[in-house]
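Observations on chain architecture
Spelled out, the chains give:
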Amino acid sequence: MSKLVNSIREAIQLSGLKDGMTVSFHHHLRNGDFVLNMVMEQVAAMGIKDINVNASSLFDTHLPLQEHIENGVVTGIAADYISAPLGKLISRGILEKPVQFRTHGGRPSDICLGRTPIDVAFIAAPTADPMGNCSGKYGKSACGSLGYAYADAMHARKVVVITDNLVPYPLMDFSISEDFVDYVVTVDAIGNPKGIVSGTTQITRDPVGLVMAQHAAKVIQNSGLLKDGFSFQTGAGGASLAAAKFLKDIMLKEGIQGSFGLGGITGYMVDMLQAGCFKSLMDVQCFDLKAVESLRTNPNHQEISAMQYASPSSRSAVVDSLDVVILGATEIDTDFNVNVHTDSNGYIMGGSGGHSDTAAGAKLSMIIAPMFRARLPIVTDRVNCISTPGKDIDVLVTQGGIAVNPKNQELTQRLKDAGLPIIDIHELKEKTERITGKPKAIAKGDRVVADVISRDGDLLDQIYNVK
């Protein structure tokens with residue numbers, strides 16, 4: 001028996017895909033992904049219309065979706081993140097139905113609960129065998145963890161694995177197993193390795209970023225959470241990586257060994273594992289080549305699914321055991337609500353990803369952001385879109401001071417006692433506006449172009465078209 005079929009077109013035919021159905025994709029290949037575009041090109045060529053695309057994230061490389069939207073092939077999109085080129089077009093109203101934005105935990109939760117049924121899941125697999133056992137750890141297109149594809153594989157009506165590295169059966173070290181897979185297709189390339197992962201992810205050298213990173217590390221040091229068994233997640237941005245580097249120095253100096261590092265894993269988190277700062281890494285996606293290599297070779301570096309990572313409907317999720325998370329923001333308001341969905345002009349250019357999942361789960365949720373970008377202040381009276389509610393944010397770290405959510409008086413006192421530059425968020429807003437001036441409000445249209453859905457499945461906010 002073999003599940004091999006000759007082409008993506010044949011797999012689509014065998015899957016029974018018809019007008020009005022939903023297809024899904026994962027984003028571990030990021031800006032190097034070829035699979036979504038190859039599949040949708042065939043869907044369009046077969047005359048299938050009114051398709052909903054449920055993708056864990058969409059990147060610049062997925063801009064060909066514009067043509068499929070304009071031709072009526074795609075009428076709906078669900079995603080956790082949409083990058084600026086496609087996001088700007090959606091903000092102008094080209095999509096028939098509002099985008100459904102979920103979180104990295106909310107998406108698999110809704111799939112598992114049957115709220116967002118998937119008809120056909122297309123899984124880009126850097127290595128697979130003829131029965132569909134597949135992994136992201138090996139092959140020329142290796143991306144590391146396949147954590148975001150698990151829910152799709154487990155619950156879609158039909159599952160198609162697409163690979164550019166077919167190996168003999170059985171593939172022993174698999175991520176997704178054959179019992180979920182219906183068809184396997186081989187292609188020349190599932191992606192461009194240069195866009196899948198970067199060789200290195202760089203710590204900022206910007207003096208402002210370094211000041212913020214030092215403040216962030218000192219906040220953690222004095223929070224009362226930095227002790228043996230400590231758990232931590234940070235992003236791949238320059239200031240966040242610098243904060244991780246400063247934190248590593250503190251942990252080594254004080255002889256602290258944490259339990260786990262979490263999330264999208266970078267080479268700097270691998271360095272912390274190898275230095276003994278953590279006992280393990282729990283990895284839902286790899287951000288660079290060093291992380292891929294570590295996942296492949298180090299048994300203490302574990303692949304996890306998006307359900308285990310952050311689903312609020314799972315029996316448990318790792319984010320609920322998280323001590324500290326460092327996050328970013330495009331803007332934050334005086335109630336500590338955070339926007340990571342839109343830019344300063346109201347155009348879609350991102351999404352929550354795991355932002356609100358980790359903020360809700362962590363004991364200390366920290367935003368690192370400069371006081372202003374391009375002379376636009378980071379703190380506003382009300383964010384243009386609530387991505388993460390203020391009740392889940394504890395601290396904002398800027399070069400002009402550290403604002404602590406008033407809900408956390410104990411943390412405020414700890415940081416004051418440590419001599420850190422604490423500032424009220426309203427005062428920080430005024431301080432910034434004395435430099436930048438007060439920006440004009442965005443002129444919004446009257447059409448909803450995106451629904452922002454909380455990790456629990458409720459409508460959190462709506463994004464309107466840009467005039």
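Residues numbered from 1 in each chain as written. Predicted model: local features only at pLDDT ≥ 70, side-chain atom pairs only at ≥ 80, totals over all residues. Heavy atoms only, no water.

Some thoughts on the nonpolar core
The line we're drawing: Buried Ala, Val, Leu, Ile, Met, Phe, Trp, Tyr and Cys residues that are joined via side-chain atoms within 4.5 Å together make up what is termed a nonpolar core. For the exposure calls, accessible area comes from a 1.4 Å probe over protein chains only, and a residue counts as buried if that area is under 20% of its type's maximum, exposed if over 50%, partly exposed in between. Only DSSP runs of H or I covering at least 4 residues are called helices, and only runs of E covering at least 2 are called strands; the numbering of each starts at the N terminus. Note on contacts: a residue pair qualifies if any of its non-hydrogen atoms lie within 4.5 Å across the two residues.
The biggest cluster of nonpolar side chains holds 111 residues, and the ones touching the most others in it are Phe25, Met40, Ile77, Ile82, Ile162, Phe232 and Met366. The element best represented in this core is helix α9 (residues 238–254), accounting for 7 residues. Dropping the residues within four chain positions of it, Phe232 is found in contact with Ile220, Ala244, Leu247, Phe260, Gly261, Leu262, Met269, Phe278, Leu322, Val324 and Ile326. Core analysis: the second largest hydrophobic core is formed by 33 residues, Ile304, Ala306, Leu327 and Ala329 among them.

Section: the packing of helix α1 (residues 8–15) against helix α2 (residues 35–45)
The condition that has to hold: In this analysis an axis means a line fitted to C-alpha atoms, helices contributing only their contacting stretch, and an angle means the value between N-to-C directions, from 0 to 180 degrees. Left-handed describes a crossing whose near helix is turned anticlockwise from the far helix through less than a right angle; right-handed describes the clockwise counterpart. Amino acids are sorted into nonpolar (Ala, Val, Leu, Ile, Met, Phe, Trp, Tyr, Cys and Pro), charged (Asp, Glu, Lys and Arg) and polar (every other residue, Gly among them).
Taken N-terminus to C-terminus, the directions of α1 and α2 make an angle of 65°; their axes are 9 Å apart at the nearest point. Read as a crossing pair, α1 and α2 show a hand that is right-handed. Every residue of α2 that contacts α1 at Ile8, Arg9 and Ile12 is listed here: Met38, Val39, Gln42, Val43 and Ala45. Residues that form the contact of α1 with α2 fall into these classes: 6 nonpolar, 1 polar and 1 charged.

Quick look at helix α4 (residues 84–91)
Residues of α4 that are buried: Leu86, Gly87, Leu89, Ile90 and Ser91. Taken together, the buried residues of α4 touch α3 (65–70), β4 (74–79), β5 (99–101), β24 (444–453) and β25 (459–466). Remark: Gly93 follows α4 within two positions and exhibits a positive phi of approximately 95°.

Brief notes about the packing of aromatic side chains
Heads up, the condition is: Geometry of aromatic contacts follows a simple scheme: Phe, Tyr and Trp rings, the Trp one being its six-membered ring, pair when their centres are within 6.5 Å, and the pair is stacked under 30 degrees between planes, edge-to-face over 60, tilted otherwise.
Evaluated as defined, the whole model comprises 4 aromatic pairs. Between Phe230 and Phe278, the aromatic rings sit 6.4 Å apart at their centres with planes inclined by 20°, giving stacked as the arrangement. On the criterion of sequence distance, the pair formed by Phe230 in the loop between α8 (207–221) and β11 (231–233) and Phe278 in strand β13 (residues 278–286) is long-range, its members being 48 residues apart. Comparing Phe230 with Phe278 shows no difference in burial state: the two are buried.

Quick notes on the sheet that holds strand β16 (residues 331–333)
Our working rule: By the convention used here, strands pair only if DSSP detects at least 2 bridges between them.
Read from one edge of the open sheet, 3 strands run β17-β16-β21, paired in mixed fashion. Strands at the two margins of the open sheet, each flanked by one partner only, are β17 (338–339) and β21 (379–380).

Comments concerning the side chain of Ser387
Its location among the elements puts Ser387 in the loop between β21 and β22 (395–398). Classification of Ser387 by relative accessible area gives buried; the value is 2%. The residues touching Ser387, leaving out its near neighbours within four places in the chain, are Val338, Asn339, Val340, His341, Ser352, Ser356 and Leu460.

Considering the packing of α8 against α9
Applied cut-off: Geometric relationships in this document are graded by angle, where less than 35 degrees denotes roughly parallel, more than 145 denotes roughly antiparallel, 65 to 115 denotes roughly perpendicular, and other angles denote oblique.
Running from N to C, α8 and α9 cross one another at 45°; their axes reach a closest spacing of 8 Å. One element, α8, and the other, α9, form an angle in the oblique class. The chirality of how α8 crosses α9 is right-handed. Packed against α8, whose contacting residues are Gly209, Leu210, Ala213, Gln214, Ala216, Ala217, Ile220 and Gln221, the element α9 presents Ala239, Ala242, Ala243, Phe246, Leu247, Ile250 and Glu254 at the interface. When the residues that make up the contact of α8 with α9 are grouped by side-chain class, the tally is 11 nonpolar, 3 polar and 1 charged.

Notes on the side chain of His68
Structurally, the position occupied by His68 is in helix α3. For His68, the residues in contact, after removing those within four places along its chain, are Met40, Glu41, Ala44, Val73 and Val74.

Concerning the sheet that holds strand β3 (residues 51–55)
Spatially, the 10 strands line up as an open sheet ordered β1-β10-β9-β6-β2-β3-β4-β5-β24-β25, and their pairing is mixed. In the strand order of this sheet, the two ends are held by β1 (4–5) and β25, each with one partner.

With respect to the pairing of strand β2 (residues 22–25)
In regular strands, side chains alternate between the two faces of the sheet. Operational definition: Look down the strands so they point away from you; if the path from the first strand over the helix to the second goes clockwise, the crossover is right-handed.
In β2, alternate side chains face the same way, and those of Thr22 and Ser24 on one face and Val23 and Phe25 on the other are all buried. Note that β2 and β3 share 4 bridges and pair parallel. The partner of Val23 across the bridge, within β3, is Val53. Note on the crossover from β2 through α2 to β3: the handedness is right-handed.

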